[in-house]
Amino acid sequence: MIEQKIPLFYSGNILKHEMMESLRDYALDFSTLHYTGYADGIIRGCEVIATDNMIIIQRGMILSGGIPVYITEPAKVKYEPTNRINCLVARVGDITEDRLYKRRQIDFVLVNAEEKEERDIEICRFRLQNGAKLRYVYRDLEDMNTEFDTVCQLSANWASFGEGTISYGILNQFAKDAEKYGVKNSEDRQFLNQIYALQGESLPINCIRSYLTGRLGRTCMQYKHEEIHGALVEVLKQTKGGRFSTMNRTMRERRIIVD
């Protein structure tokens, strides 16, 4: 038999350790159960702002080892131009315990791309040249894959069920650009509605691959993050030019009109 106990804090009740433990365990178990089966990565938030010499990571939530970790206040990391690819990563330490708390330390550090550790969760990367200013605001979706002097989210680790996925920021920018160009394809509208329903989290990567496979008329089911970004850019170019996928054009060409 499984019993669920919810403590009641009524006047006259004696506050017991067991009641406080029930509240603690419920909150922790709910968060962990909700993200069971997810790959580690950013769950939501952790947006990046760049000043002249500091990167500011905004509040958010990261999944590490299957356990949600909350970033409750902005964190700052100093940077400088190196003309090399630098990765901003979150390093989540092991759980330690003392008499009062269980503790877990989170450090945000800049490392060379080849120095990333297996447990590192990438937030973004950039290649900053001497005398240049680091950009974090984009003109459009294609601009998000600029090689130099721009915060790049393409390789960021985002949590999703079964397999890591691409940044919510990429999907959000895609939706903005698609609306600007005018959405006439019902398949595109359905995909945008999925993005709007995310509320800051990202879509499972196979949902994105499946959309691109149908939309572009070719298999995209093995696409990695950078290839997915390129395919989304291609969809936008078709939308802007009033064109649809190869598959849809072929279907239209086969129609027979009877007068």
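Residues numbered from 1 in each chain as written. Predicted model: local features only at pLDDT ≥ 70, side-chain atom pairs only at ≥ 80, totals over all residues. Heavy atoms only, no water.

Engineer: How do you make sense of the overall build of the protein chain when you look at a structure like this?
Structural biologist: Helix and strand content of the protein chain: six helices and 13 strands. Here the protein chain, with 259 residues, has 38% of them falling under the buried criterion. For the protein chain, contacts bridging at least 24 residues in sequence account for 56% of all contacts bridging at least 6. Approximately 16100 Å² of the protein chain is accessible, and the part contributed by carbon and sulfur atoms is 51%. (Helix = DSSP H or I, 4+ residues; strand = E, 2+ residues; numbered from the N terminus. Buried < 20%, exposed > 50% of the residue type's maximum accessible area, 1.4 Å probe, protein only. Contact = heavy atoms within 4.5 Å. Areas by Shrake-Rupley, 256 points an atom, 1.4 Å probe, with all protein chains shown as cover.)

Engineer: Would you mind going over the packing of helix α4 (residues 205-216) against helix α5 (residues 225-240) with me for this structure?
Structural biologist: Two quantities define a packed helix pair, namely the angle between the helix axes and the distance between the axes. For the pair α4 and α5, the least separation of the axes is 11 Å and the interaxial angle reads 40°. Classified by the angle between their axes, α4 and α5 sit oblique to one another. Where α4 crosses over α5, the handedness of that crossing is left-handed. Mapping the contact onto sequence places I205, I208, R209, Y211, L212, R215 and L216 in α4 and H225, I228, A231, L232, E234, V235, Q238 and T239 in α5. Among the residues making up the contact of α4 with α5, the classes are represented as nine nonpolar, three polar and three charged. (Axes fitted to C-alpha atoms, helices over the stretch in contact; angles between N-to-C directions. Parallel < 35°, antiparallel > 145°, perpendicular 65-115°, else oblique. Left-handed = near helix turned anticlockwise from the far one by under 90°. Nonpolar A, V, L, I, M, F, W, Y, C, P; charged D, E, K, R; others polar.)

Engineer: I tried to follow the environment of T96 on my own but got confused; where do I start?
Structural biologist: Mapped onto the elements of the fold, T96 is located in strand β9 (residues 96-97). Since its relative accessible area comes to 46%, T96 is described here as partly exposed. If we ignore the near neighbours within four places in the chain, the residues touching T96 are Y101, K102 and R103.

Engineer: Would you mind showing me how to read the pattern of salt bridges here?
Structural biologist: This structure, assessed with the given rule, holds 15 salt bridges. Between R125 and E122 there is a salt bridge, and its shortest N-O distance comes to 2.8 Å. The two residues R125 and E122 agree in class, both being buried. When the shortest N-O distance is used, the salt bridge between R189 and E179 registers 2.8 Å. Here R189, found in helix α3 (residues 186-196), pairs with E179, found in helix α2 (residues 168-181); they are 10 residues apart in sequence, far enough to count as distant. Overall, the relative accessible area of 29% leaves R189 in the partly exposed class. Sharing partners across several salt bridges, the network here consists of R91, E117 and D120. (Salt bridge = Lys/Arg side-chain N within 4 Å of Asp/Glu carboxyl O.)

Engineer: How should the pairing of strand β6 (residues 67-71) be read in this particular structure?
Structural biologist: Successive residues of a regular strand alternate their side chains across the two faces of the sheet. Across five bridges, strand β5 (residues 60-64) lies against β6 in antiparallel orientation. Of the residues in β6, the one forming a bridge with S64 is I67. Count of turn residues in the β5/β6 antiparallel hairpin: two residues, of which G65 carries a positive phi of about 65°. (Pairing = 2+ DSSP bridges.)

Engineer: Explain the sheet that holds strand β3 (residues 48-50) to me, please; I cannot follow it from the model alone.
Structural biologist: Hydrogen bonds between backbone atoms are what pair the strands of a sheet, whose relative direction is either parallel or antiparallel. Across the sheet, three strands lie side by side as β3-β4-β7; this open sheet has antiparallel pairing. Only two strands of the sheet have a single partner each, and these edge strands are β3 and β7 (75-78). Sheet twist, expressed as the average angle between the axes of neighbouring strands with direction ignored, equals 25°. In the sheet, strand β4 (residues 54-57) pairs with β7 via four bridges, with the strands oriented antiparallel. By the bridge assignment, I56 is partnered in β7 with K76.

Engineer: Can you help me understand the sheet that holds strand β11 (residues 106-112) in this one?
Structural biologist: An order of β11-β8-β12 is seen for the three strands of this open sheet, with the pairing classed as antiparallel. Of all the strands in the sheet, just β11 and β12 (121-127) have a single pairing partner and so form its edges. Across the sheet, the mean angle from the axis of one strand to that of its neighbour is 20°, orientation sign disregarded. Pairing between strand β8 (residues 85-92) and β11: seven bridges, direction antiparallel. Looking at the pairing, R91 lines up with D107 of β11.

Engineer: I keep staring at α3 and nothing clicks. Help me out?
Structural biologist: An α-helical segment advances 3.6 residues per turn. Residues three or four places apart therefore align on the same side. Here α3 has its buried residues at D188, F191, L192 and I195. The arc that holds the buried residues of α3, viewed along the axis, is 100°, so those residues lie on one side. Exposed side chains of α3 directed beyond 90 degrees from the buried face belong to S186 and Q190. Looking at the buried residues of α3, the elements they touch are α2, α4 and α5. (Arc of directions from axis to C-beta.)

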